Amino acid sequence: MKTADGEGERQINFSWPEREMLAGLVFLAALILVSALFPAAVGTGPQAPLLRHAAAPWIFGPIQVLLLYVPPLVGAWLIPGVFAAFLFLFPWLSKGRGARPALYFFAFFVGAVLVLLAMYVWLG
Amino acid sequence: MAQKRGFLNHIRPRGVSEKAMSFGYTFCLGGVSFLAFVVLGFTGILLMFHYLPGEKSGYASVTTLASVIPFGGLIRDLHFWAGQVMVISVSLHMVRVVKTKSYRPPKEWNWLVGMSLLVLTLVLDFTGYLLRGSQESGAAAAVAVHILTLLPGIGRPLAQMFLGGASAANSSTLMVYVWHCVALPFLALWLQMFHFWKIRKDGGVRPL
C-alpha cells in the first residue's frame, strides 16, 4: 500500500549535492541577476510636483481597471468578493456534478484576471 | 513509520517518492515561493536597519538605501524582485494545484491554507508598496482607505486598524510598517509551516 510519503513507490533518498539545493542556488543567482539589471523604482518623492495620475501596483491593476468601469462598491468589493469566495470554496464546489462548471468558472477567473492585467498595462 | 512522526521529519523526510520530485508535475512553484519568502525575510531584516517609517522619513530612507548605503540598492532590489516572484509563483502554484486536481479530499483543508497564503502574499506586497512613501504609494493608500470605508459601519475602524491613518500625504505609517515587517510575515511563516506539514500528512505532492 502506498503511504503518505510514497512508500512502496520508487524513492529518492536525499544526498549531497541535493537537487533541491542546486535548484535553489540557480534561483538565487537568477534573482540577483534580475535585481542587478532592473533596479526597483523609488517612485515620485513627496516634494516633487503633484502627480496627476498614479497607477496602482500591478497586483491590484485588475481592480484599478474595474474601478474605471463599475461603481467602487461593485469593483472593489462585490466582484473580487465573489471570486474570492469561489476560490476559497473551490474544493467543495467542484464535487460531483459541480466539477465541470467549477473548472469553467475557474478558467473564466484566470482569463478575466489576465485580460484586466493586459488592460492595466495598455492603459498605463 | 518513524518518519511519519515529528514536524521536521514531515518537512524533510529521509526519502520521498520520485514522482514528488518530478519537475514536470509541480514545476517547483511551492518551493520557489518559499525560497522567495526566505529571501524576503533575510533582505527585509537588513532593510530594517536603515528604514524609518513616517511622513518625511519613509521616502527619504528609501532613497538613502537605494543610493547611499553600500549594497543598499541591491538588497532593496532583491527584496522587491523576490516579492514580485512570490506573487507570481504563489498564483501559478494555485493554478497548478487546480490542474493536477490536488485540492481533492483529503487536501481540501490545505487548499484553504494555501488560499489564505495567497491573500497574505498580496497584502504583504501591497503594504510593502505603501512603505516606499512616494506619491504613488500615497495615492494607493488613499484608494485603499476609500475602499475600506465603503463598508458600512466597520469600514472606518478597519482602515484605522490596518492602515493606521495612512493617507495620500503619508502612506508609510508605523501601523503599516508593523503589519508588513512583523505581524503578516510571522502569520505567513506559521501558515507555510502548517501547509508543508499538511502536504506530507495528506499524501505528499504526487498524483492522486
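Reading the values: the criteria
Residues numbered from 1 in each chain as written. Chains lettered and ligands numbered in written order. Predicted model: local features only at pLDDT ≥ 70, side-chain atom pairs only at ≥ 80, totals over all residues. Helix = DSSP H or I, 4+ residues; strand = E, 2+ residues; numbered from the N terminus. Buried ≥ 20, exposed ≤ 12 C-beta atoms within 10 Å, placed from the backbone. Contact = placed C-beta atoms within 7 Å. Axes fitted to C-alpha atoms, helices over the stretch in contact; angles between N-to-C directions. Parallel < 35°, antiparallel > 145°, perpendicular 65-115°, else oblique. Left-handed = near helix turned anticlockwise from the far one by under 90°. Nonpolar A, V, L, I, M, F, W, Y, C, P; charged D, E, K, R; others polar.

In the nomenclature of an unreviewed UniProt entry, chain B is known as Cytochrome b6 of Acididesulfobacillus acetoxydans.

The name an unreviewed UniProt entry gives chain A is Cytochrome b/b6-like domain protein, with Acididesulfobacillus acetoxydans as the organism.

Draft legend 1. Molecular detail of the overall build of chain B. Within chain B, the regular secondary structure consists of 9 helices and 1 strand. Walking chain B from its N terminus toward its C terminus, one meets helices and strands in the order α-β-α-α-α-α-α-α-α-α. In chain B, which comprises 208 residues, the proportion classed as buried is 42%. For chain B, contacts bridging at least 24 residues in sequence account for 72% of all contacts bridging at least 6.

Draft legend 2. Quick peek at the overall build of chain A. For chain A, the count of helices and strands is 5 helices and 1 strand. Listed by position from the N terminus, the elements making up chain A come as β-α-α-α-α-α. With 124 residues in all, chain A has 15% of them scored as buried.

Draft legend 3. Fine view of the environment of Leu78 of chain B. Following the sequence through the fold, Leu78 of chain B ends up in helix 5 (residues 72-99). Leu78 of chain B sits in the buried class, given 24 other C-beta atoms within 10 Å. C-alpha separation for the pair Leu78 of chain B and Thr43 of chain B, spaced 35 residues apart in sequence, amounts to 7.2 Å. If near-sequence neighbours (up to four positions away) are discounted, Leu78 of chain B is found in contact with Leu31, Ile32 and Ser35 of chain A together with Val39 and Thr43 of chain B.

Draft legend 4. Representation of the packing of helix 1 (residues 19-37) of chain A against helix 3 (residues 29-48) of chain B in the model. Across the interface, helix 1 of chain A lies against helix 3 of chain B with an axial gap of 11 Å and an inter-helix angle of 55°. In terms of orientation, helix 1 of chain A lies oblique with respect to helix 3 of chain B. For the pair helix 1 of chain A and helix 3 of chain B, the crossing hand works out as right-handed. Of helix 3 of chain B, the residues touching helix 1 of chain A (which contributes Glu20, Gly24, Phe27 and Leu31 of chain A) are Gly31, Val32, Leu35 and Val39 of chain B. When the residues that make up the contact of helix 1 of chain A with helix 3 of chain B are grouped by side-chain class, the tally is 5 nonpolar, 2 polar and 1 charged.

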